[in-house]
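Observations on chain architecture
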Amino acid sequence: MKINVYTVGGYNEVGKNMTVVELSEDAFIFDCGLYLPPVVELENKEHMDEKLLREIDALPNDLFLDKLGLRSKVKAIAVSHAHLDHVGSLPFLAYRYDAPILATPFTAEVLKSLIRDITDEKAKIRARKNKIISIMPNSSYSINAKKIHEVEFIHVTHSTLQTAIIALHTDEGIIMYANDFKLDNTPTLGKKPNYERLKKLAKQGIKALIVESLYAADERKTPSERIAYDLLEDVMLGTSNENSAIVVTTFSSHIARLNSIVKIANKLGRTPILFGRSLKRYTTAAKKINMLPFDAPTLSFKTEIQRGFKKVAKNKTDYVVICTGHQGEQGSILDRLSKGQFKFKLSKDDHVIFSSRTIPSPINIANRQQLEKRLKEAGVRIFTDVHISGHAGREDLRDFIRMLNPEHIIPAHGELQKRTALAELASELGYSLGYNIHLTENGKLVMIN
Ligand SMILES: [Zn+2]
């Protein structure tokens, strides 16, 4: 039996991840994400629909699958984690497939909230077509199709909750999808990766490994999230801020990081308050599955945000403001705060801490520059890069590939340069390009024999 791997999206860019694995009678989709830069540029995000998102090239281009007759063969859509570049296209594309969506409970909750946010009623009905099935990390689901297929979700660490490496068990061996992870042995929330299970699967034989390449060129081991806690503590407790407001911005989906910020705010004797819609989305999803580790108000409606800032304005040293806008996104809380649109105004010597890294798309770079310019004009002290990545570095990837010992490697997630770095690493490990290292691009087929 041959296995066909269609590299639909995420092979030319960072974003819109989508891969389809075709076995003799059935096919499976892994991830269905958005390409975010053109979405960020959209003026009116209220009316996003499939047509518009296809026009701006934000969706994985899955139309070629129709011509190959693959659409009807798809028996399940498995989602690795809750980041928008992995899950964000499902509300617009999943309906095209008569297949359930498999995801860990947190990812499933985030997906449901994305669907709830669709404003067009017709599109919303369409988005609700697929059944969403929650799969606990470290468990499997059997798909009863032409054959019975087992889809397994293995716990791994990353920068959001309940991230999974997905293993599709086939007669020919395991197809493993590891698209976004880090190897964090001392995470601040949850357990370290399930190495025992990964090693067991390696013994059974991994036919192909589809693996992220984002930091394959970074010659290091990505430090643990514990180090991010220390960096934050150093900035929040180790600077002179007795008379300053403290504003921290980070990735809304990064519950562990938010937990660290809340903990340090408490150490400071300040009350943490979260501001912003996407923070609300992710904290609500975590709460629904009983995995929100902290108790802090999260304000998302206009009136409650204004009320919240009114309180902060009265005594700014009583609070730590945790808000959206680390990329300088227009309309985010930090963007609006820097423009003086709230009852609370930033002033000289207030602290703004970016617990993030700028994702280097032209729009983000421009937005961040403008934001920082405004903050500096107000005399605000800026602390950037108080952050540790959620992606495996080159030396993590080396250990990972050695541990799994797959027959074939398909570098995923990233433009050619990033994937080439992973291909080079694989060749250092004895693999050969064109034989069992498959450097490809969007819309292509990799045949695994
Ligand atoms: Zn991710």
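Note: the structure precedes this text.
Notes on the structure follow. (Residues numbered from 1 in each chain as written. Predicted model: local features only at pLDDT ≥ 70, side-chain atom pairs only at ≥ 80, totals over all residues.)

1. Here we look at the nonpolar core
Generally speaking, a soluble globular protein has its nonpolar side chains buried in company with each other. Formed by 130 residues in total, the largest nonpolar core has its most connected members in V21, I77, I165, I166, M176 and V321. Both domains that meet at this core, namely domain 1 (3-221 + 390-448) and domain 2 (225-383), each give it at least three residues. Apart from residues no more than four positions distant in its own chain, V321 is found in contact with A245, I246, V247, I273, F275 and V312. (Core = buried A, V, L, I, M, F, W, Y, C linked by C-beta atoms within 7 Å. Buried ≥ 20, exposed ≤ 12 C-beta atoms within 10 Å, placed from the backbone. Domains from an automatic or database assignment. Contact = placed C-beta atoms within 7 Å.)

2. Details of the environment of N436
Positionally, N436 belongs in the loop between α16 (416-428) and β19 (444-448). As for N436 and A426, which are separated by 10 residues in sequence, their C-alpha atoms are 9.3 Å apart. When residues no more than four places from it in sequence are discounted, the contact partners of N436 are E407, H408, I409 and Y431. (Helix = DSSP H or I, 4+ residues; strand = E, 2+ residues; numbered from the N terminus.)

3. A closer look at the pairing of strand β2 (residues 18-22)
The buried fraction of β2 is high, at five of five residues. What you see with β2 is no split at all: M18, V20 and E22 on one side and T19 and V21 on the other are buried throughout. Of the strand pairs in this sheet, strand β1 (residues 3-9) and β2 are connected by five bridges, and their pairing is antiparallel. Looking at the pairing, G9 lines up with M18 of β2. When β2 meets strand β3 (residues 27-30), the two strands line up antiparallel, connected through four bridges. When the bridges of β3 are listed, T19 appears paired with F30. What sits between β2 and β3 in their antiparallel hairpin is a turn of four residues. (Pairing = 2+ DSSP bridges.)

4. Section: helix α11 (residues 277-288)
In this model α11 runs 16 Å from its N-terminal to its C-terminal C-alpha over 12 residues, within 8% of the 16 Å that 1.5 Å per residue would give. In this structure, the buried residues of α11 make contact with α6 (105-116), α10 (255-267), β13 (271-275) and β14 (298-299). Immediately beyond the C-terminal end of α11, within one or two residues, lies N290, with a positive phi of roughly 60 degrees. (Expected span 1.5 Å × (residues − 1).)

5. Thoughts on the sheet that holds β13
Strand order in the open sheet formed by six strands is β14-β13-β15-β12-β16-β17, with parallel pairing between adjacent strands. Edge strands, defined here as strands with exactly one partner in the open sheet, are β14 and β17 (381-383). Looking at chain direction, β13 and strand β15 (residues 319-323) are connected through five bridges and run parallel. Across the sheet, residue P272 finds its bridge partner in β15, namely V320.

6. Focus: the sheet that holds strand β10 (residues 173-178)
On the basis of which strands lie adjacent, the open sheet formed by six strands has the order β7-β8-β9-β10-β11-β18 and mixed pairing. The open sheet has two edge strands, β7 (139-144) and β18 (408-412), and neither has a second partner. Adjacent strand axes in the sheet meet at a mean angle of 20 degrees, parallel and antiparallel pairs treated alike. Note: strand β11 (residues 206-212) against β18, five bridges, orientation parallel. Across the sheet, residue A208 finds its bridge partner in β18, namely H408. (Axes fitted to C-alpha atoms, helices over the stretch in contact; angles between N-to-C directions.)

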